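Single-letter residue listing:
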Amino acid sequence: MDVKNHEIVLRGGIIIDGTGAAGRPGDVGLRGDRITGIGAPGSLTGGNCLDIDGKAVCPGFIDVHTHDDRLVLIDPEMTPKVSQGVSTVVVGNCGVSLAPLDLDGREPPQPLNLLGAGKDFRFKRMSDYVAAVNATRPAVNVAALVGHSSLRVAAMDDLKRPATSDEIEVMRGILAEALSAGAAGLSSGLYYPPAQASDIDEMVPLASDVAKAGGIYTTHMRDEDDYVIDSLAETFEVGRRANLPVVVSHHKCAGRKNWGRSNETLAYIDGAASKQEIGVDAYPYDACSTILAADWVDETIRIIVTWSTPHPEVAGRDLADIAAEWGISQKEACARLDPAGAVYFDMHEDDVRRILKHPLVMIGSDGIPHDKHPHPRLWGTFPRVLGHYARDLKLFPLEEAVRKMTDLPARRFNLKDRGRVAVGYFADLVVFDPATVADRATFQSPIAQARGIEMLFVNGSLSFSVNGLTIGRSGQFLSRRTLI
Ligand SMILES: [Zn+2]
């Protein structure tokens with residue numbers, strides 16, 4: 001019998017520890033912000049015993065791919081995420097980060113505007129953003145990447161060319177401050193106009209500084225379409241030349257011509273991963289979402305408009321229907337709707353499954369929180385992997401689904417003492433019902449809370465409860481673990 005007085009005991013659940021090991025019945029004890037005991041069912045004692053018989057208890061989910069930079073400040077309850085069991089978000093993906101960048105009220109270029117307007121970019125230094133997060137105390141922990149496009153906007157007067165050596169030095173200075181403030185690493189969005197003109201000789205010095213600080217490089221690659229292999233090669237070359245781990249963001253094979261090519265891309269990734277550190281993230285849907293751009297409209301795939309500044313009334317409607325109603329082409333409709341966002345059904349389900357199943361692949365929602373009619377991944381990603389893909393389709397065991405959301409990302413992003421149910425680890429814990437867990441957000445009704453997530457503890461405090469009785473905010477900024 002355990003004699004420690006745990007403050008909280010989660011009694012009699014199935015413990016899925018995050019490593020991929022088979023779930024086993026047991027008690028989990030918490031005190032303060034840590035896990036203080038794990039034992040046989042009924043063996044732990046404590047002040048507050050919660051009976052979770054028949055439920056699973058596992059580490060809090062780590063959403064490695066988010067655009068929640070501003071959401072954690074303006075909507076710190078973080079309902080779309082805590083209701084899925086997410087205890088940590090990694091912000092600043094796709095080259096786009098709210099910090100460090102002070103636009104002094106000037107409007108940001110696309111796609112930085114996915115995060116907010118000019119007035120929202122008000123953090124000249126990462127340390128200012130870290131202070132704002134800790135002062136706000138959101139319901140989730142926050143790790144932050146520095147966006148390469150944000151650095152370019154800060155350092156350059158013309159984004160349509162590679163950076164000069166002087167401009168690279170300016171970017172390195174901004175990056176150095178961010179890394180010393182605890183940023184997890186650097187992200188790029190070479191696909192997007194603000195970074196398209198940059199080349200590998202611009203990325204390597206920045207990535208090398210990140211490497212020296214023990215950080216990571218993540219990338220929304222230059223191409224996820226016909227030239228996806230070339231883009232993987234470019235990504236891995238940055239990793240090799242700068243000597244740091246790389247993460248391929250939201251891996252996909254986009255465009256009809258490329259459907260089925262995940263066999264090829266995953267084999268290519270495996271080959272490189274035998275020689276260097278590589279991670280991959282993916283979300284469980286066959287449609288992507290970003291800004292609406294005429295270049296990406298091929299008049300064959302379905303596109304849903306998620307927001308439009310001149311035409312807010314069309315949010316949630318198909319671009320094809322809007323164009324037909326207006327008597328113009330879809331590309332012409334894009335011009336009329338600009339600036340706008342969209343969902344593109346540009347992937348094949350077979351590729352989605354093959355990628356999700358790959359052992360290197362972590363789960364990241366890529367949710368876009370400020371869209372009027374968002375992609376359902378914002379509210380549904382994690383329960384969809386647990387329910388639809390693991391339980392219903394049996395794509396992989398539940399334990400493997402949990403590993404992709406917990407231990408794997410915690411190791412990849414160097415989140416110390418997180419991602420496992422283990423004594424001494426932070427008490428970031430989810431209790432869910434394996435029999436009922438499911439996403440409810442759809443492309444038609446994307447704002448819907450998932451089913452089956454019963455409780456979420458963040459740093460030992462209850463942050464979400466399905467009965468809505470106790471909602472606390474106990475998240476903190478997670479500084480990169482110092483490796484040197
Ligand atoms: Zn992206």
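Residues numbered from 1 in each chain as written. Predicted model: local features only at pLDDT ≥ 70, side-chain atom pairs only at ≥ 80, totals over all residues. Heavy atoms only, no water.

1. Some words on the side chain of aspartate 351
Inspection of the secondary structure puts aspartate 351 in helix 12 (residues 349–357). Residue classification places aspartate 351 among the buried residues on the basis of a relative accessible area of 2%. Among the polar contacts made by the side chain of aspartate 351, one reaches the side chain of arginine 354 at a distance of 3.2 Å. Excluding residues that lie within four positions of it along the chain, aspartate 351 makes contacts with Cys253, Asn258, Trp259, Gly260, Arg261 and Ser262. (Helix = DSSP H or I, 4+ residues; strand = E, 2+ residues; numbered from the N terminus. Buried < 20%, exposed > 50% of the residue type's maximum accessible area, 1.4 Å probe, protein only. Polar contact = N/O pair within 3.5 Å; in protein donor to acceptor, adjacent residues only side chain to side chain. Contact = heavy atoms within 4.5 Å.)

2. Topic: the side chain of histidine 251
Looking at where histidine 251 falls in the secondary structure, it is placed in the loop between strand 13 (246–248) and helix 9 (262–273). A distance of 2.9 Å separates the side chain of histidine 251 from the side chain of threonine 265, its partner in a polar contact. Aside from chain neighbours lying at most four places away, what touches histidine 251 is Val228, Thr265, Leu266, Ile269, Val280, Asp281, Ala282 and Ile355.

3. Details of the packing of helix 13 (residues 377–392) against helix 14 (residues 398–405)
Orientation of helix 13 relative to helix 14, taken along the N-to-C sense of each, is 155°, at an axis distance of 10 Å. Between helix 13 and helix 14, the crossing angle belongs to the class labelled roughly antiparallel. Relative to helix 14, the crossing made by helix 13 is right-handed. Within the contact between the two elements, helix 13 uses Phe382, Val385, Leu386 and Ala390 and helix 14 uses Leu398, Ala401, Val402 and Met405. Tallied by class, residues from the contact of helix 13 with helix 14 come to eight nonpolar, no polar and no charged. (Axes fitted to C-alpha atoms, helices over the stretch in contact; angles between N-to-C directions. Parallel < 35°, antiparallel > 145°, perpendicular 65-115°, else oblique. Left-handed = near helix turned anticlockwise from the far one by under 90°. Nonpolar A, V, L, I, M, F, W, Y, C, P; charged D, E, K, R; others polar.)

4. Things to note about the UniProt feature "domain: Amidohydrolase" (unreviewed entry) in the protein
What UniProt calls "domain: Amidohydrolase" (unreviewed entry) maps, in this numbering, to residues 51–251 and 345–460. Along residues 51–251, the helical share is 37% and the strand share 19%, with 39 Å between the first and last C-alpha atoms. The distance from the first to the last C-alpha atom of residues 345–460 is 40 Å, and the span holds 34% helix and 11% strand. (UniProt positions renumbered as here; feature names shortened; annotations may be inferred.)

5. A few points about the packing of aromatic side chains
Taken as a whole and judged by the stated rule, the model has nine aromatic pairs. Aromatic pair tyrosine 191 and tyrosine 192: ring centres 5.2 Å apart, planes at 80°, arrangement edge-to-face. You'll find tyrosine 191 and tyrosine 192 in the same group, each marked buried. Note on phenylalanine 236 and tyrosine 268: the rings are 6.0 Å apart at their centroids and 15° apart in plane angle, and the pair reads as stacked. Of the two residues, phenylalanine 236 sits in helix 8 (residues 228–242) while tyrosine 268 sits in helix 9, which places them 32 residues apart along the sequence. Its relative accessible area of 33% is what places tyrosine 268 among the partly exposed residues. Grouping aromatic residues by their ring pairs yields a cluster made of Tyr191, Tyr192, Trp296 and Tyr344. In this structure, arginine 377 packs its charged tip against the face of tyrosine 283, placed 4.6 Å from the ring centre. Positioned above the aromatic ring of phenylalanine 426, the side-chain terminus of arginine 418 is 3.7 Å from the ring centre. (Phe/Tyr/Trp six-rings, centres within 6.5 Å; stacked < 30°, edge-to-face > 60°. Lys NZ or Arg CZ within 6 Å of the ring centre and 35° of its normal.)

6. Side note on the pattern of salt bridges
Tallying each qualifying case throughout the model produces 36 salt bridges. When salt bridges that share partners are traced, they join Asp157, Asp158, Arg161 and Glu167 into one network. (Salt bridge = Lys/Arg side-chain N within 4 Å of Asp/Glu carboxyl O.)

7. So, the sheet that holds strand 16 (residues 303–308)
In spatial order, the strands read 15-17-16; together these three strands make up an open sheet with antiparallel pairing. Two strands in the sheet have a free side with no partner beyond their single neighbour: strand 15 (288–291) and strand 16. Sheet twist, expressed as the mean angle between neighbouring strand axes with direction ignored, is 20°. For strand 16 and strand 17 (residues 340–344), the ladder comprises five bridges, and the chain directions are antiparallel. Paired with isoleucine 304 across the bridge in strand 17 is valine 343. (Pairing = 2+ DSSP bridges.)

8. Comments concerning the nonpolar core
The biggest cluster of nonpolar side chains holds 120 residues, and the ones touching the most others in it are Val72, Met126, Tyr129, Leu292, Leu319, Leu386 and Phe432. Excluding residues within four positions of it along the chain, valine 72 makes contact with Met78, Val89, Tyr129, Val133, Thr136, Pro138, Val140 and Val142. Of all hydrophobic cores here, the second largest spans 16 residues; its members include Ile52, Val57, Val421 and Tyr425. (Core = buried A, V, L, I, M, F, W, Y, C linked by side-chain atoms within 4.5 Å.)

9. Notes on the environment of threonine 218
Mapped onto the fold, threonine 218 is located in strand 12 (residues 216–220). Separated by 73 residues in sequence, threonine 218 and leucine 145 have C-alpha atoms that sit 8.4 Å apart. With sequence-adjacent residues up to four places away left out, threonine 218 is seen in contact with Asn93, Leu145, Leu186, Ser187, Ser188, Val247, Ser249 and Phe413.

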